[in-house]
Amino acid sequence: MPRRSGRNTDTQVTETNSTEAVVSPKKGRVLVKVEAAAEVVTKVEEPSPAKSLRKKVKAEIASESESLDTAPKALADIKTKQKAPKRKAKTEDGDEDEDAHDKKTPKKRKTKGEKEAEAMPLAVRTVIATLKHAMHIGAHVSGAGGVHNSVNNALHVGGNAFAVFLKSQRKWSSPPLAAEARDQFKAMCLEHKYDAAKHVLPHGSYLVNLAQADPEKAEQAYTCFLDDLQRCEELGIKLYNFHPGSAGAHPRPEAIARIAAQLNKAHKATKNVVTVLENMAGSGNVIGSTWEDLRDIIALIDDKSRVGVCIDTCHSFAAGYDLRSPEAFKQTMDSFASIVGMPYLKALHLNDSKAPFASNRDLHANIGTGFLGLRAFHNVMNFAPFQHLPMVLETPIDKKGPDGKTVEDKGVWATEIKLLEGLIGADAESEAFKKEEQRLLDLGAEERKKFQGQVDKKKQKTLDSMLKKASPKKKKAPKGEDAEDSDASEGCCSH
Ligand SMILES: [Zn+2]
Ligand SMILES: [Zn+2]
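It should be emphasised that the depicted structure is a prediction, and the values quoted were computed from it without experimental measurement.

A. Geometry of the pattern of salt bridges. Enumeration over the complete set of coordinates arrives at 18 salt bridges. A salt bridge links Lys354 to Glu447; its shortest N-O distance comes to 3.2 Å. Of this pair, Lys354 sits in the loop between β11 (352–353) and β12 (364–365) while Glu447 sits in helix α14 (residues 431–469), and the two are 93 residues apart along the sequence. For Glu447, a relative accessible area of 36% puts it in the partly exposed group. Here Lys410 ties to Glu408 by a salt bridge, and the two come within 3.3 Å at their closest N and O atoms. By relative accessible area, Lys410 is classed as buried at 11%. Among the charged side chains, a salt-bridge network with shared partners connects Lys167, Asp227, Asp228 and Arg231.

Following this line, the structure appears as C-alpha cells:
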C-alpha cells in the first residue's frame, strides 16, 4: 500500500476517458455464467453496442494480466484485449507522483509502451447489473498525491468499490485535507459513478488505539481518529474502517469500555459517518478477534446507527472462524448473525491467508493461493447478504522486477476482481472450477508450507516450555500497551 500518503500536492488529474464496459455475448462457459440482476445498483457507463447485451454478459479483462501469477485463465476466460479507452498519464503511486510534481527535475522520458501501459486501465469495470449477485469488489488503492487519485486508481484495476488511507497511516499529524483534493474527489466519484457513501471504505491509521489507557496517548489517538472521520464527512464518505485496539496490560472489559467511550464521543462530534470495526486475527491483547468482542463494543455504543463491522476473511480464518466448506461458512456466518447481528455488517476485506487455520497470524495471501482456497471465496461470492457491501482486496501485489527491485503489480488486483466476480453463480463442482482451484493452490504451495512450518515450530516450542515449567495455567505476561501483538507486527493491510 502507499508507503507515503497525506501529501496534498493536488495533482491536476487529467482524466478524460469514460469507463467502457467491454462485454461479450459468448455463452456456454461453465463457470462464468453471469446473469442480469433485477436491480441496477451501479450503472457504469456503457458503450452503445453493449446495451443490447445487457443480459448474459461478462466483462473481460482488457490488458496485460497474462503475465500474472494469479491470472485465473481457466476460470474467468480472461482475454487480453487492447481495447481500453485512452487515458492521459496519471499518477499511480507516491514515487511517480513526486516526480510528476517536481518540474525542475529533468525526467527520464518514458517509452511509448510505458506510457500506454500507464494510461490504459488494467481491466474494465464490470457492470453490477450483469452479475447474479450485486457484489461490489475493489481493492485498497493508493491515495498518494491527494485522495482524489484513489478514484483513478480504483478505476484502473476495474474496481466497483475501494479503500484508501485518508492521510498517512503511520504519522500522527498530516496536513489538512486540501479543498481542491476534496472537490476533485467528489467530482470524480460522480463522474465515474462511485457512490462514496456506500462503496468507499477508508482504512484508519495503524497508530490509533482507542483502547489506550494513558490519558495523553488516548487524547492523541482520539484526535487522529476524529480528524479521519471529519475527512470522511467532507468527502461524502459514510463508512470508516479501523482496528478496534489493544488492551495492553489492562483488563479486557475496561479496554472495550474505553473504545466504546471514544466512539461515542466521536459520534457526537460528527454527523453521520459509521465507524466500522474490523475483526482481527490476533489473540492475546488484541481486541476484535472474536465476535463477542465486537458485540461487547457495540453494546456500549449510544447511537447504534453509527457503528458497524467489517469482516476480513483472512483475519476471521486466522482467528478460528472457518470459511472453507459451505458448511463451515454457514456456521461462521450463523454465529456472526446470532452474536453480532447481520445488520451491523457493513463491509468485507477479501484476503486469502498464508497462515493456517486458527494460527492467529495476520498474513494476507492472494486469492486462492492460501489456506482458505478458492472454495472459501466461492462461498463468500455466493452469499446473498453480502450484496451491496464494499468488498476490498488487501492482497499482496509486490513483485520482483527484472532488475531485482520490488515493484507493485496492480494487475494482480485487476485479475483477482475478475476472478471473484467469475465465482458468482459458478458451479464449484465443475471440472473447470477444480482445475482453477488446484492451479492457484499450486501457486501458493511453497508459502503455505513455509508458514505451516513456522506455526508448527511455535506450537512445539510453547508445548516444550509449558512442560518445562510444569505450570500450564500461567500465561505469559503482556508486554504493555504498545506491545507487538502478533497482529500489530504483521499488520493487516500493511502490505
Ligand atoms: Zn483487513
Ligand atoms: Zn485493517
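Next, the rest of the story.
B. Region of the structure containing helix α8 (residues 252–269). The first and last C-alpha atoms of α8 sit 26 Å apart over 18 residues, in line with the 26 Å expected at 1.5 Å per residue. Residues Ala255, Ile256, Arg258, Ile259, Ala260, Gln262, Leu263, Asn264, Ala266 and His267 constitute the buried set of α8. The elements touched by buried residues of α8 are α7 (215–235), β5 (239–242), β6 (245–246), β7 (274–278), β8 (286–287) and α9 (291–299).

C. Up close: the nonpolar core. Residues Phe185, Leu350, Met381 and Phe386 are the most contacted members of the largest nonpolar core, which totals 91 residues. The greatest single-element share of this core, amounting to eight residues, is contributed by α7. For Leu350, the residues in contact, after removing those within four places along its chain, are Ile137, Thr313, Ile367, Phe377, Val380, Met381, Met391, Val392, Leu393, Glu394, Thr395 and Leu420. In this structure, Ala163, Leu201, Val274 and Cys310 belong to the second largest nonpolar core, which totals eight residues.

D. Representation of the packing of helix α12 (residues 373–381) against helix α13 (residues 411–423). For the pair α12 and α13, interaxial distance at closest approach is 8 Å and the crossing angle is 65°. Classified by the angle between their axes, α12 and α13 sit roughly perpendicular to one another. Two packed elements cross with a definite hand, and for α12 against α13 that hand is right-handed. Contact with α12, carried on its side by Leu374, Phe377, His378 and Met381, involves Leu419, Leu420 and Leu423 of α13 and no other residues of that element. Across the contact of α12 with α13, the residue classes tally to six nonpolar, one polar and no charged.

E. Local environment of the packing of aromatic side chains. Evaluation of the coordinates by the stated rule reveals 12 aromatic pairs. Seen from their ring centres, Phe162 and Tyr194 are 5.4 Å apart, and the 90° between their planes marks the pair as edge-to-face. Here the residue Phe162 occupies a position in strand β4 (residues 162–163), and Tyr194 occupies one in the loop between α5 (179–191) and α6 (196–199), the gap between them amounting to 32 residues. Accessibility classification places Phe162 together with Tyr194 in one group, the buried group. Summarising the aromatic geometry, the rings of Phe225 and Tyr240 are spaced 5.6 Å apart at their centres and angled 80° between planes, so their arrangement reads as edge-to-face. Taken together, the residues Phe225 in helix α7 and Tyr240 in strand β5 connect sequence positions 15 residues apart. The pair formed by Phe225 and Tyr240 is uniform in burial state, with each residue classed as buried. Over the ring of Tyr222 we find Lys265; its NZ or CZ atom is 4.1 Å from the centre of that ring.

F. Looking closely at the pairing of strand β13 (residues 390–393). Neither face of β13 is left uncovered, since the one carrying Pro390 and Val392 and the one carrying Met391 and Leu393 both have all their residues buried. Sheet topology places strand β3 (residues 136–140) next to β13; four bridges connect them, and they run parallel. Paired with His136 across the strands is Pro390, a residue of β13.

G. Examining the coordination of the zinc ion (ligand 1) more closely. Each protein donor to the zinc ion (ligand 1) is listed here as Glu278 (OE), Asp312 (OD), His349 (ND1) and Glu394 (OE); together their distances run 2.1 to 2.2 Å. Motif for the zinc ion (ligand 1), donor spacing along one chain: E-x33-D-x36-H-x44-E. Take Glu278: its relative accessible area is 0%, and that puts it in the buried class. We classify His349 as buried; its relative accessible area is 1%.

H. How the structure looks around the confidence of the model for the protein. Taken over all residues, the pLDDT of the protein has a mean of 80, while the share at 70 or more is 71%. Contacts from residues 76–107, a stretch scored under 50 in pLDDT, to residues over four places away or in other chains number 83 contacts. Every residue in residues 477–489 scores below 50 in pLDDT, and together they form 30 contacts with partners more than four places removed in sequence or on other chains.

I. Spotlight on the sheet that holds β7. One open sheet accounts for seven strands, arranged β4-β3-β13-β10-β9-β7-β5; its pairing is parallel. Where the open sheet ends on each side, the last strands, each with one partner, are β4 and β5. Across three bridges, strand β10 (residues 345–350) lies against β13 in parallel orientation. When the sheet's bridge partners are listed, Leu350 is paired in β13 with Leu393. Taken strand by strand, α13 contacts β3, β10 and β13, and its axis lies near 155° from that of β3.

J. Focus on the packing of α7 against α8. Closest axis-to-axis distance for the α7/α8 pair is 10 Å, and the angle between their directions is 40°. Relative to α8, the element α7 lies oblique. When the axes of α7 and α8 are compared, the crossing they make is right-handed. Side by side, α7 and α8 meet where Ala218, Glu219, Tyr222, Phe225, Leu226 and Leu229 of the first sit next to Gln262, Leu263, Lys265, Ala266 and Ala269 of the second. Each residue belonging to the contact of α7 with α8 can be placed in one class, and the counts come to eight nonpolar, one polar and two charged.

Cut-offs and rules
Residues numbered from 1 in each chain as written. Chains lettered and ligands numbered in written order. Predicted model: local features only at pLDDT ≥ 70, side-chain atom pairs only at ≥ 80, totals over all residues. Heavy atoms only, no water. Salt bridge = Lys/Arg side-chain N within 4 Å of Asp/Glu carboxyl O. Helix = DSSP H or I, 4+ residues; strand = E, 2+ residues; numbered from the N terminus. Buried < 20%, exposed > 50% of the residue type's maximum accessible area, 1.4 Å probe, protein only. Expected span 1.5 Å × (residues − 1). Contact = heavy atoms within 4.5 Å. Core = buried A, V, L, I, M, F, W, Y, C linked by side-chain atoms within 4.5 Å. Axes fitted to C-alpha atoms, helices over the stretch in contact; angles between N-to-C directions. Parallel < 35°, antiparallel > 145°, perpendicular 65-115°, else oblique. Left-handed = near helix turned anticlockwise from the far one by under 90°. Nonpolar A, V, L, I, M, F, W, Y, C, P; charged D, E, K, R; others polar. Phe/Tyr/Trp six-rings, centres within 6.5 Å; stacked < 30°, edge-to-face > 60°. Lys NZ or Arg CZ within 6 Å of the ring centre and 35° of its normal. Pairing = 2+ DSSP bridges. Donors = N, O, S within 2.8 Å, 3.2 Å for Na, K, Ca; no water. pLDDT = per-residue confidence, 0-100.

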